[in-house]
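Residue-level structural notes
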Amino acid sequence: MIWDEEFETMPREALRALQLKRLQKLVARVYEKVPYYRGKMDEAGINPEDIQRLDDLKFLPFTTKEDLRKNYPFGLFTVPMEEVVRVHASSGTTGQPTVVGYTKGDVKLWAGLMARSLSAAGAHSKDLIHNAYGYGLFTGGLGAHYGAEELGATVIPISGGQTKRQITIMRDFGSTVLLSTPSYALNLAGAMVDAGVDPADLSLKVGIFGAEPWSENMREELEKKLQLKAIDIYGLSEIIGPGVAIECIEEQKGLHIFEDHFLPEIVDENSFEPKAIGESGELVFTTLTKTAFPVIRYRTKDIAQLIDTPCSCGRTSVRMPKVTGRTDDMLIIRGVNVFPSQIEHVLMNVKGVEPHYQIIVDRHGSMDSMEVQVEVSESIFSDEIKSLENLSRQIQAEIKDLIGSSAKVTLVEPKTIKRSEGKAQRVIDKRNI
Ligand SMILES: [Zn+2]
């Protein structure tokens with residue numbers, strides 16, 4: 001079902017006119033309210049009145065995570081703190097956390113966008129939504145929670161962790177929609193097997209998976225193991241949280257971006273020049289309607305592309321195929337760019353291999369080394385050494401074939417790689433330690 005028919009199916013021309021109007025208002029407001037933005041715009045020699053067409057967006061300076069850190073914690077907010085009703089923050093594992101804020105109106109707007117997202121994924125008011133995203137400073141848990149309530153569904157605010165209990169609740173309550181990271185969903189699938197619970201006996205029909213890039217092969221794996229339709233959802237706290245874009249259940253192909261609220265661009269990762277529809281590059285967003293913490297041309301570091309082919313669901317927005325990686329996840333191994341998602345793609349295509357893996361990068365002298373540790377199924381592991389050797393050679397050859405760099409492949413016993421309870425740690429880079 002389409003939650004917000006008027007805006008989700010708006011003709012492109014009308015949508016562009018709405019975007020321009022909202023953009024002009026936004027630029028004028030941040031110029032007036034935020035000294036930091038005003039300084040950057042003055043430096044770039046651009047005034048709010050210079051934004052006459054949507055294309056003029058390219059003259060505005062980018063906003064980066066670095067800008068957010070420089071203004072830690074509340075320096076980029078456009079309203080006094082008494083109007084801010086909630087803050088969220090990134091985990092800060094890679095430096096100072098970034099903090100985002102919401103007015104009452106922003107929280108309502110976000111709930112509406114999450115209701116739209118859940119609805120696009122096929123959820124409705126009769127559903128029992130099992131929300132296994134972490135609650136807390138992370139936007140996933142509360143973002144999805146408010147959206148599910150806005151939809152009128154029943155939320156089970158289970159959060160992450162306590163995996164055994166999650167399965168008991170899913171079975172006893174009859175959860176129909178699962179929200180989690182894809183890696184945690186796999187963890188749940190494994191725990192179901194251990195508990196002797198057949199996913200076919202549960203009521204799950206849809207899984208909405210986000211907060212990590214995941215591959216098409218991972219989709220097949222999740223759909224098979226959990227007996228549901230796997231839907232990709234996209235969002236990041238700097239933009240609003242989850243609910244920026246989602247796949248529709250009709251096509252499961254490309255995430256519809258809610259363009260009436262988030263203006264997307266693709267720019268070249270090096271020159272930052274705008275790229276055309278269909279070309280791949282760094283995804284950039286301008287928030288058009290958020291009040292407390294709007295961002296202009298925020299560089300997400302996600303690598304994606306935009307497509308504008310019509311969708312059978314009737315939504316008129318551009319879509320983005322699955323994010324293929326992040327510029328900061330990209331590993332440079334002996335001069336070759338490697339994304340964990342590429343390794344995942346290879347592994348998921350190999351029979352007998354489980355979807356649990358870790359990439360360990362190290363340096364000996366001036367030479368980088370990459371080791372891929374991957375779990376194999378019980379039956380393969382108890383097989384002869386020879387077949388294990390063949391399997392590891394096969395994976396090695398396929399990795400070399402796809403990325404042009406060789407990796408050591410280590411097959412490990414089932415259940416030896418640490419299970420994710422939120423975002424999975426796929427890469428251990430020992431080179432900087
Ligand atoms: Zn669609």
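About the criteria used
Residues numbered from 1 in each chain as written. Predicted model: local features only at pLDDT ≥ 70, side-chain atom pairs only at ≥ 80, totals over all residues. Heavy atoms only, no water. Axes fitted to C-alpha atoms, helices over the stretch in contact; angles between N-to-C directions. Helix = DSSP H or I, 4+ residues; strand = E, 2+ residues; numbered from the N terminus. Parallel < 35°, antiparallel > 145°, perpendicular 65-115°, else oblique. Left-handed = near helix turned anticlockwise from the far one by under 90°. Contact = heavy atoms within 4.5 Å. Phe/Tyr/Trp six-rings, centres within 6.5 Å; stacked < 30°, edge-to-face > 60°. Buried < 20%, exposed > 50% of the residue type's maximum accessible area, 1.4 Å probe, protein only. Expected span 1.5 Å × (residues − 1).

**Overview of the packing of helix H10 (residues 340-348) against helix H12 (residues 385-403)**
- Put simply, H10 and H12 touch, their axes get as near as 10 Å, and they point 140° apart. Comparing the axis directions of H10 and H12 gives the class oblique. Relative to H12, the crossing made by H10 is right-handed. Residues Gln342, Ile343, Val346 and Leu347 of H10 touch H12, and the partners they reach there are Ile395, Glu398, Ile399, Leu402 and Ile403.

**With respect to the packing of aromatic side chains**
- Across all of its chains, the model carries seven aromatic pairs by this definition.
- For the pair Phe77 and Phe293, a centre-to-centre distance of 5.9 Å together with 70° between the ring planes defines the contact as edge-to-face. With a gap of 216 residues between them, Phe77 in the loop between helix H4 (65-70) and strand S1 (84-89) and Phe293 in the loop between strand S11 (281-287) and strand S12 (298-304) connect regions that are remote in the sequence.
- Accessibility expressed as a relative area gives 7% for Phe77, which makes it buried.
- Judged by its relative accessible area of 2%, Phe293 is buried.
- Aromatic side chains Tyr234 and Phe285 sit 6.2 Å apart centroid to centroid with 35° between the ring planes, which places their arrangement in the tilted category. Separated by 51 residues along the polypeptide, Tyr234 in strand S7 (residues 229-236) and Phe285 in strand S11 bring together distant segments of the chain. Taken individually, Tyr234 and Phe285 each receive the classification buried, so the pair is uniform in this respect.

**Thoughts on helix H2 (residues 12-33)**
- Here H2 spans 31 Å end to end across 22 residues, near enough to the 32 Å set by a 1.5 Å rise per residue.
- Within H2 the residues assigned to the buried category are Leu15, Leu18, Gln19, Leu20, Arg22, Leu23, Leu26, Val27, Val30 and Tyr31.
- Buried residues in H2 make contact with helix H1 (5-8), helix H3 (35-43), strand S10 (262-267) and S11.

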